[in-house]
Amino acid sequence: MVVGAAVVAGAAVVVVAASSPHAAPRTARTSARLSNGVLRSLIFFVPSLVRSGYLLGVGCPALGHLLPVSISLSAISLSAIIHSGAKARRNGARMNVEHDTVCDLLLTNGSVITVDDERRVLEPGAVAIRGDRILAVGTPSDLDRYRAARVIECSGKAVLPGFVDTHTHMFQSLGRGLGEGMPLYPWLTDFMWPYAQVISREEAWAGVRLTALEAARAGTTAVVDDHYSPTDVETTVGVARTIEEVGLRGTVTRGIFGSPAEVTRHYDIPDYLFAIPPEEELEITRAAIEATSGRKVGVWPAPDGNFIERSLILDSVALAHELDTRWHIHCSAPTTDPDAYISCYGERPVHWMQRAGILDERAAIAHGVWFDDDEVAALGEAGAGVAHCPTSNCYMADGAIRMNDLRSAGAVVSLGTDGSACDHRQDMFEQMKQAIFVQRLHTLEPTSLRSEDALELATREGARYLGIDAGVLAPGKLADIAVVDLERVHLQPLNRTISTLVYAGRGSDVVMTIVGGEVIYENGASTKVDEAEVIAEARARSAELIERAGITGLLKPWRRHRG
């Protein structure tokens, strides 16, 4: 029983000691040198020792006659154990290698536009994804060793980082097509503010769901949604949840108005925008941020700097620092804004932000068309973000952003759609193309912005603005990816992939959108929501909202300008 018990205990030392007392010290030293992997393997050899007849001597009166056999078997067993340990180490190494080459998705044989630090374009290329991150990027032969749960054949397609829309108003989509041909403030006072005054929570969510779906279908993977009506906690958190429901990531920037400021008298602003006292504005914003903390779509404070008391802006920024978010603000879109600031405060808005100590990398500014040289320098020094909305700025005739000056100074410049009510499409292809054309017309220089620059603005710079680890195709980055069909007639012949995508591509050319490794749109349909239901609800709620807002006059089918 001693021998059998020793073997079952898994200790070769005890086994040999039972056979030969002189072998114990040497065998103990040998055992001490065995790796943990070898020791763990011992238990697998007990059955083989039993089958070999080693335990047949247990209880035999002539145990002494079995001693040589026991020693021999002990040596064989020890050799087998050592051999099995080496085999286990090899198997373990093989298992580690196999684990390292197992992935969930493998996109292969596409034109992979990485927008990484080396700006590699791999034609053909491949991308391996595990979980929510990119595991590897290379040629198809480089990634041939990967074993994927799903292989996605991307021949004839471009694989690129998902787009980041850094300024939009998703709730506005129920008013798409209205407000045509109005300057900014009549557009606000006669259309958007009456619309925003009466919109219900359910209508806002329906508009957000429609817009998020449209964005996902066009290859957008993350958004900065400026939401300012309604702004109670439940509605604001619900907006974030609705964006998540469609599969996107990003942030909802909650519009903050508080009390009217001195500068407000320069604009025809209705009182209902200032219905919530400043203290309550901050309390609601705090609650919304905390309710969405750690989720795919969070909340930031969004004080509207054009209209509100500067003390509330300071408090909003302090809240952003306290809760470790960024903050969003409209600034200097129309040329009238800086003039209004100067007339009221004797300084321009960015000058004040710098002097007040709130201009830093957390500042996420929308529009930023009319900055002077000192403001450009201050934004660059701070590393602040500026969301450029080229199509909206053209629609409202606001002007052209100082693109190259801002980027050269060090500001993070990205692209935004600015919502369906003044841009009409959640299509970042359109923003890239318009950004180039606006700069070339503004500077009368065709080299002022190129297709590669525009693609950077829509991807990696957008991710920097939003503060997410995405925007490039590189190992370790979030697997936020758009796949574009390059075989459409308007993309042929395909001589240069990037320029063709930027100038000729459309959101409707996207055939797959991936967010965090999850396919949220594929081959014409959302994988997350029922598209027919989303569209039907948006149509019904739009008609009700327009009637209730008293803006049915904007539905006139043909409007002619009367000069």
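Refer to the preceding data block for the structure.
### Considerations on the overall build of the protein
Argument step 1. Assigned secondary structure in the protein consists of 21 helices and 17 strands.
Argument step 2. As displayed, the protein has an accessible area near 23,700 Å², and 54% of this comes from carbon and sulfur atoms.

### Considering the packing of helix 8 (residues 201–217) against helix 9 (residues 233–246)
Argument step 1. Two elements in contact, helix 8 and helix 9, have axes whose closest approach is 9 Å; the angle formed by their N-to-C orientations is 30 degrees. When the axes of helix 8 and helix 9 are compared, the pair comes out roughly parallel. Once helix 8 is placed against helix 9, the crossing between them reads as right-handed. Facing Arg201, Trp205, Val208, Arg209, Ala212, Leu213 and Ala216 of helix 8, the residues of helix 9 in contact are Glu234, Thr235, Gly238, Val239, Thr242, Ile243, Glu245 and Val246.
Argument step 2. Taken together, the residues of the contact of helix 8 with helix 9 sort by class into eight nonpolar, three polar and four charged.

### A few points about helix 20 (residues 497–504)
Argument step 1. Where burial is concerned, most of helix 20 is hidden: six out of the eight residues are buried.
Argument step 2. Contacts from the buried residues of helix 20 go to strand 1 (102–113), strand 2 (121–130), strand 5 (157–161), helix 17 (428–443), helix 18 (451–458) and strand 14 (481–485).

### Some thoughts on helix 13 (residues 349–356)
Argument step 1. Buried within helix 13 are the following residues: Pro349, Val350, Trp352 and Met353. Buried residues of helix 13, viewed axially, fall in a sector of 155 degrees; they line one side.
Argument step 2. Against the buried residues of helix 13 lie helix 11 (310–322), strand 10 (327–331), helix 12 (336–345), strand 11 (363–367) and helix 14 (373–382).
Argument step 3. Phi turns positive, to about 80 degrees, at glycine 357, one or two residues after helix 13.

### Notes on a negative patch on the surface
Argument step 1. A cluster of acidic residues, Glu279, Glu280, Glu283 and Asp315, forms a negative patch at the surface.
Argument step 2. With three residues, the top contributor of residues to the negative patch is helix 10 (residues 278–291).
Argument step 3. Position of glutamate 280 relative to the elements: it lies in helix 10.

### Observations regarding the layout of surface pockets
Argument step 1. The calculated volume of the largest pocket comes to roughly 480 Å³.
Argument step 2. At the level of elements, strand 8 (249–256), helix 10 and strand 9 (297–303) are the ones that each hand at least two residues to the lining of the largest pocket.
Argument step 3. Here the lining of the largest pocket gets four residues from one element, more than from any other, and that element is strand 9.
Argument step 4. Of the residues assigned to the lining of the largest pocket, the class counts are seven nonpolar, eight polar and six charged.
Argument step 5. Looking at the second largest pocket, its volume works out to about 220 Å³.

### Quick word on the pattern of salt bridges
Argument step 1. All chains considered together, the criterion is met by 36 salt bridges.
Argument step 2. We note a salt bridge from aspartate 469 to lysine 477, for which the minimum N-O separation is 2.8 Å.

### Brief notes about the state of the cysteines
Argument step 1. Within this structure, the stated rule accounts for zero disulfides.
Argument step 2. Note on cysteine 389: no disulfide assigned, nearest cysteine sulfur contributed by cysteine 422 at a separation of 7.7 Å.

### Structural notes on the side chain of threonine 168
Argument step 1. Position of threonine 168 relative to the elements: it lies in strand 6 (residues 163–168).
Argument step 2. Contacts of threonine 168, omitting those with residues within four sequence positions, involve Val224, Asp225, Asp226, Thr417, Asp418, Gly419 and Gln426.

### Examining the sheet that holds strand 13 (residues 412–415)
Argument step 1. Strands sit in the order 10-11-12-13 across an open sheet of four strands; the sheet is parallel. The open sheet is flanked by strand 10 and strand 13, the only strands paired with a single partner. Taken over all neighbouring pairs, the strand axes of this sheet differ in orientation by 25 degrees on average, direction set aside.
Argument step 2. As judged from the three bridges shared by strand 11 and strand 12 (residues 385–388), these two strands associate in the parallel manner. Within strand 12, the position partnered with alanine 366 by the bridge is alanine 387.

### Some remarks on the pairing of strand 13
Argument step 1. Where burial is concerned, the two faces of strand 13 agree: the one with Val412 and Ser414 and the one with Val413 and Leu415 are both buried.
Argument step 2. Where strand 12 meets strand 13, four bridges bridge the pair, whose relative direction is parallel. Looking at the pairing, histidine 388 lines up with leucine 415 of strand 13.

### As for the environment of isoleucine 308
Argument step 1. Counting through the fold element by element, isoleucine 308 comes out in the loop between strand 9 and helix 11.
Argument step 2. Separated by 49 residues in sequence, isoleucine 308 and serine 259 have C-alpha atoms that sit 6.3 Å apart.
Argument step 3. If we skip the residues at most four places from it in the chain, isoleucine 308 touches Ile256, Phe257, Ser259, Ala261, Phe274, Pro303 and Ile313.

### Here's the deal with the packing of aromatic side chains
Argument step 1. Taken as a whole and judged by the stated rule, the model has 10 aromatic pairs.
Argument step 2. Consider the rings of phenylalanine 171 and tyrosine 228, whose centres lie 5.0 Å apart with planes at 85 degrees: the pair is edge-to-face. Here tyrosine 228 lies in the loop between strand 7 (220–227) and helix 9 and phenylalanine 171 lies in the loop between strand 6 and helix 7 (184–198), a separation of 57 residues in the sequence.
Argument step 3. Aromatic side chains tyrosine 228 and phenylalanine 257 sit 6.5 Å apart centroid to centroid with 70 degrees between the ring planes, which places their arrangement in the edge-to-face category. Taken as a pair, tyrosine 228 in the loop between strand 7 and helix 9 and phenylalanine 257 in the loop between strand 8 and helix 10 lie far apart in primary sequence, 29 residues in all. Here tyrosine 228 and phenylalanine 257 have matching classes, each one buried.

### A closer look at the sheet that holds strand 8
Argument step 1. Strand order across the open sheet formed by four strands is 6-7-8-9, with parallel pairing between neighbours. Strand pairing shows two members of the sheet lacking a second neighbour, strand 6 and strand 9, which therefore form its edges. Looking at each pair of strands side by side, their axes are set apart by 15 degrees on average, direction ignored.
Argument step 2. Bridge count between strand 8 and strand 9: seven bridges; the pairing is parallel. Bridge pairing in strand 9 links glycine 250 to valine 297.

Quick notes on the rules
- Residues numbered from 1 in each chain as written.
- Predicted model: local features only at pLDDT ≥ 70, side-chain atom pairs only at ≥ 80, totals over all residues.
- Heavy atoms only, no water.
- Helix = DSSP H or I, 4+ residues; strand = E, 2+ residues; numbered from the N terminus.
- Areas by Shrake-Rupley, 256 points an atom, 1.4 Å probe, with all protein chains shown as cover.
- Axes fitted to C-alpha atoms, helices over the stretch in contact; angles between N-to-C directions.
- Parallel < 35°, antiparallel > 145°, perpendicular 65-115°, else oblique.
- Left-handed = near helix turned anticlockwise from the far one by under 90°.
- Contact = heavy atoms within 4.5 Å.
- Nonpolar A, V, L, I, M, F, W, Y, C, P; charged D, E, K, R; others polar.
- Buried < 20%, exposed > 50% of the residue type's maximum accessible area, 1.4 Å probe, protein only.
- Arc of directions from axis to C-beta.
- Patch = residues over 30% accessible without salt bridge, like charges linked within 9 Å, V, L, I, M, F, W, Y side chains within 5 Å.
- Salt bridge = Lys/Arg side-chain N within 4 Å of Asp/Glu carboxyl O.
- Lys, Arg positive; Asp, Glu negative; His and termini not counted.
- Charge placed at Lys NZ, Arg CZ, Asp CG, Glu CD.
- 1 Å grid on protein atoms, 1.4 Å probe; cavity = no way out; pocket = protein on both sides within 12 Å on 5 of 7 lines; lining within 4 Å.
- Points joined across faces, edges and corners; volume = space filled by probe spheres on them.
- Disulfide = S-S within 2.5 Å.
- Pairing = 2+ DSSP bridges.
- Phe/Tyr/Trp six-rings, centres within 6.5 Å; stacked < 30°, edge-to-face > 60°.

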